[in-house]
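The lines below spell out each chain.
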Amino acid sequence: MKLTKFTHACVRLEKDGAVLVIDPGTFSEAETALTGAHAVLITHQHADHFDEEKVVAALQLDQSLLIYAPAKVAGMLAERLDAGGLDRVHTAEPEQRYSVAGFEVQTFGGQHALIHPHIPMVANIGYLIDGSLYHPGDSFIVPHGVDVSTVLVPVHAPWSKTAEVIDFVTSVRAARAFQIHDALLNETGLQLVEGHLARIGGLYGTEFRHLAPGESVTI
């Protein structure tokens, strides 16, 4: 499986001619990521993970494109599509398994990490792809009952602190880790956080590697 990282939280997965995109948001090169995609997974409704206009445009352009997303996002898309497009938008909930575009998907979690009591909580779904790659969205939910090979790590957010990021990596204990949710950090901050992840994660058997936007790796 080929993984290509885009800015912030968006990744594109390719396998046997099939393309799956996760979280094409407004901070990302969403249009590029969505080109030729067969399916899209969206973890939650926040714009940095869900560029509504770009996703709607992709759905209208490709009449076979499938979307899996929490109920709020699915509802937002349903309002924008004609009746013929509604059967391509699926509601994702925790503890589900399904096959989509040649990929096996398992869901975890249920809610976004707390930002502040004054900011409403929203649903968030973490996706495990082919039993090996885990994208948690905006949460530190550790997937249960599975051995994750590659974890995507939200390295910085208004809802997190570095200790929680490190604990997430050491709890999942994947062989490989790559950063996501990094658009709000400058180079100095990124090097600091990633240095901790590489050093402490290594003690628990996790090799951390930085991926630049547009960089691809085979996993």
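This text goes with the structure placed above it.
To start, this report covers the structure provided alongside it. (Residues numbered from 1 in each chain as written. Predicted model: local features only at pLDDT ≥ 70, side-chain atom pairs only at ≥ 80, totals over all residues. Heavy atoms only, no water.)

Next up on the list: the packing of helix α4 (residues 162-172) against helix α5 (residues 187-203). At their nearest, the axes of α4 and α5 sit 10 Å apart, and the two run at 35° to each other. Here α4 and α5 pass one another in a crossing that is right-handed. On the side of α4, the interface is formed by Thr162, Val165, Ile166, Val169 and Thr170, while α5 contributes Val193, His196, Leu197, Ile200 and Gly201. Looking at the contact of α4 with α5 residue by residue, the classes come out as six nonpolar, four polar and no charged. (Axes fitted to C-alpha atoms, helices over the stretch in contact; angles between N-to-C directions. Helix = DSSP H or I, 4+ residues; strand = E, 2+ residues; numbered from the N terminus. Left-handed = near helix turned anticlockwise from the far one by under 90°. Contact = heavy atoms within 4.5 Å. Nonpolar A, V, L, I, M, F, W, Y, C, P; charged D, E, K, R; others polar.)

With that settled, consider helix α3 (residues 71-80). Listing the buried residues of α3 in full gives Val73, Ala74 and Leu77. Across the axial projection of α3, the buried residues extend over an arc of 100°, all falling on one side. Exposed and facing more than 90 degrees away from the buried side of α3 are Ala71 and Glu79. Where α3 is buried, its residues meet α2 (52-61), β5 (66-69) and β6 (89-91). (Buried < 20%, exposed > 50% of the residue type's maximum accessible area, 1.4 Å probe, protein only. Arc of directions from axis to C-beta.)

Further remarks concern unusual backbone geometry. Here Asp23, not a glycine, exhibits a phi torsion of approximately 55°, which is positive. Within the element layout of this structure, Asp23 appears in the loop between β3 (18-22) and α1 (30-34). Owing to a relative accessible area of 0%, Asp23 belongs among the buried residues under this scheme. Positive phi, normally seen in glycine, also occurs at His181, with a value near 55°. You can see His181 is positioned in the loop between β12 (176-180) and α5.

By secondary structure assignment, the location of Thr170 is in helix α4. Residue classification places Thr170 among the buried residues on the basis of a relative accessible area of 12%. When sequence neighbours within four positions are dropped, the list of residues in contact with Thr170 reads Ile200 and Tyr204.

Any functional reading would require information that these geometric values do not contain.
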